[in-house]
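Single-letter residue listing:
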Amino acid sequence: MITVYDGGKPLGSVTVDREGKWEFTPSTPLPEGSHSITVVATDPAGNEGEPSDPLVFAVDLTPPSAVTFDEVFDNQGLTTGALSNGAVTDDVKPTLKGTGTNGELITVYNDGAPIASFTIDDPAGNWAHELETALTDGDYSLTVTATNAAGAISAPTPARKFSIDAKTPAAPSITTVKDDEGNANGETIDVPKTSGITNDTQPEIVGTAQAEVTVRVYDNGTLLGETTADDKGNWSFTVPLGKALSDGVHNITADAYNAVGAVSPKTGIYDFEVDTTAPEALTSVEILNGADNLLDGTELSANANVTVRIGVPKSAQVGMLLELDVNNDGSIDKTHVIQASDIDNDIELEVKGADFNVVNDQVSVIAFLVDPAGNKGVSTVATSEVDLNTD
């Protein structure tokens, strides 16, 4: 038989089983304070052995102090801050914050199952803990308890509920850049990637993305602005006046972010050149009208050509367009592509006589250069007297 003592006072006795094992539970709960437990064995003849070494411990029935669970904080992506109850986040390791008592153990539960624990290390009792194990996509209902040094556990806090959606949007794409300043004829044109050149400092950038994400557009890594893809994933962005593109090469990229702030990879580069410098004026324009300095009805007939001599400036470049308006209606009647041999030389172009418009016994030619970006040079005008009564 084993007799159990607390500070020399018997608490009760228990019989040892056939395997030499015994277990004892006091019939009366031990009071708070220090306790020194010893045991004495008694054989069937009534002989008592020596007391065991004491087992000293204290009973502390003080409950843990109040614990609060104040917020779940999102540190990930573009959208950060404290989550409202039921919010969606892309942060798989959010930071939990609350208050308690310094030194107490905080245990975090999801739907009643423990997922983390840590000790408060702040004299004021404030605690903040970033989860070490990443949470997977889904719904969460977190509570916390506090455990004091005696092992007493507080009641769980009210639950904080949120959902995780950490899926990253797919990278958007840039399909084209539109020059809505138009070419020399006023038509909206697409600016090709890499080889493209435009005089539009506020072009429209067009692309696709996941439906209803926000697309951010960059030039050489600097944010130009953002737009929203429609329900089919189409988006467009016109460079604002305050971010108008300067002359030179521009490398346009884009990324996208969704409602919870998860950011996609960036697109590849869509590069092109902006050039707003107009070509120089032609050095001369002359209608060759013969020794009499007159054009007659025969020369202006449908079967005749009139020669126009034009001086091309040294600054002209191969591929520029030389354009002529011979009937004063604003439309282009003759186009010539500048060749290397034309530069810094006079060239002669043949224009159908019937294309000329006679006004007040006079015809005129308006000529100018247009560069590949669509910049129109200063117009040069030549005139010739007309006598339709001669041939």
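The preceding data block contains the structure.
1. Points about the overall build of the protein
Secondary structure summary: the protein contains zero helices and 30 strands in total. Its C-alpha atoms give the protein a radius of gyration of 45 Å, more than 25% over the compact-globule value 21 Å for 391 residues. With respect to the three principal axes, the spread of C-alpha positions in the protein is 160 × 40 × 35 Å. By residue count, 40% of the 391 residues in the protein fall in the buried class. Long-range pairs, those at least 24 residues apart, make up 62% of the contacts in the protein with a sequence separation of at least 6. When the accessible surface of the protein is split by element, carbon and sulfur atoms take 48% of a total near 20,700 Å². Here the protein holds 19 positive side-chain charges and 61 negative ones, and the gap between their average locations is 8 Å.

2. A short note on the packing of aromatic side chains
What the rule picks out here adds up to three aromatic pairs. Ring geometry for Phe118 against Trp127: centres 5.3 Å apart, planes inclined by 55°, an arrangement best described as tilted. Members of the aromatic cluster, joined through ring pairs, are Phe69, Phe118 and Trp127. Above the face of the Tyr218 ring, Lys266 is positioned so that its terminal group lies 3.8 Å from the ring centre. One cation-aromatic arrangement involves Lys376 over Phe368; the distance from NZ or CZ to the ring centre is 4.3 Å.

3. Notes on the side chain of His35
In this structure, His35 sits in strand E3 (residues 33-41). A distance of 2.7 Å separates the side chain of His35 from the side chain of Asp6, its partner in a polar contact. Ignoring any residue separated from it by four or fewer positions in sequence, one finds His35 in contact with Asp6, Leu30, Leu55, Val56, Phe57 and Val59.

4. A closer look at the side chain of Asp90
Along the polypeptide, Asp90 turns up in the loop between strand E7 (87-89) and strand E8 (95-99). Of the side chains bearing the opposite charge, Arg216 lies closest to the buried Asp90, which forms no salt bridge; the N-O distance is 11 Å. With sequence-adjacent residues up to four places away left out, Asp90 is seen in contact with Asp74, Gln76, Gly77, Asp165, Ala166, Val260, Gly261 and Ala262.

5. Focus on the environment of Lys9
One can find Lys9 in strand E2 (residues 9-14). When the C-alpha atoms of Lys9 and Asn126 are compared, they prove to be 44 Å apart, with 117 residues separating the residues in sequence.

6. Structural notes on the pattern of salt bridges
Counted under the stated rule, the structure contains eight salt bridges. With a shortest N-O distance of 3.6 Å, Lys97 and Glu71 are connected by a salt bridge. Within this pair, whereas Lys97 is found in strand E8, its partner Glu71 is found in strand E5 (residues 68-74), the two being separated by 26 residues in sequence. Among the residues examined, Glu71 registers a relative accessible area of 21% and is labelled partly exposed. Glu348 is the partner of Arg309 in a salt bridge, and the nearest nitrogen-oxygen pair spans 3.0 Å. Separated by 39 residues along the polypeptide, Arg309 in strand E25 (residues 305-311) and Glu348 in strand E28 (residues 346-352) bring together distant segments of the chain. Residue Glu348 is classed as partly exposed on the basis of its relative accessible area, which comes to 46%. Residues joined in a network through salt bridges with shared partners are Asp137, Asp165 and Lys167.

7. Let's talk about the sheet that holds strand E14 (residues 173-179)
Taken in spatial order, the four strands line up as E15-E14-E17-E20 in an open sheet, and their pairing is antiparallel. Lying at the two open borders of the sheet, with one neighbouring strand each, are strand E15 (189-191) and strand E20 (234-238). Between one strand axis and the next, the sheet turns by 30° as a mean value, whatever way the strands run. Pairing analysis gives three bridges linking E14 to E15, with the strands arranged antiparallel. Counterpart to Asp179 in the pairing with E15 is Ile189.

8. Overview of unusual backbone geometry
Phi is mostly negative for residues that are not glycine, and the peptide bonds are mostly trans. Here the phi dihedral of Asn328 falls at roughly 60°; this positive angle occurs in a residue that is not glycine. For Asn328, the position within the fold is in the loop between strand E26 (321-325) and strand E27 (334-337). With a phi angle near 55°, Asn360 is a residue other than glycine that sits in the positive phi range. By the element assignment, Asn360 lies in the loop between E28 and strand E29 (362-370).

9. Overview of the pairing of strand E17 (residues 204-208)
When E14 meets E17, the two strands line up antiparallel, connected through five bridges. Each bridged residue has a counterpart across the sheet, and for Thr176 the counterpart in E17 is Val206. Of the strand pairs in this sheet, E17 and E20 are connected by five bridges, and their pairing is antiparallel. Residue pairing across strands places Gly207 opposite Trp235, the latter belonging to E20.

The rules behind these values
Residues numbered from 1 in each chain as written. Predicted model: local features only at pLDDT ≥ 70, side-chain atom pairs only at ≥ 80, totals over all residues. Heavy atoms only, no water. Helix = DSSP H or I, 4+ residues; strand = E, 2+ residues; numbered from the N terminus. Rg over C-alpha atoms; globule rule 2.2 N^0.38 Å. Buried < 20%, exposed > 50% of the residue type's maximum accessible area, 1.4 Å probe, protein only. Contact = heavy atoms within 4.5 Å. Areas by Shrake-Rupley, 256 points an atom, 1.4 Å probe, with all protein chains shown as cover. Lys, Arg positive; Asp, Glu negative; His and termini not counted. Charge placed at Lys NZ, Arg CZ, Asp CG, Glu CD. Phe/Tyr/Trp six-rings, centres within 6.5 Å; stacked < 30°, edge-to-face > 60°. Lys NZ or Arg CZ within 6 Å of the ring centre and 35° of its normal. Polar contact = N/O pair within 3.5 Å; in protein donor to acceptor, adjacent residues only side chain to side chain. Salt bridge = Lys/Arg side-chain N within 4 Å of Asp/Glu carboxyl O. Pairing = 2+ DSSP bridges. Axes fitted to C-alpha atoms, helices over the stretch in contact; angles between N-to-C directions.

None of this, on its own, says anything about what the molecule does.
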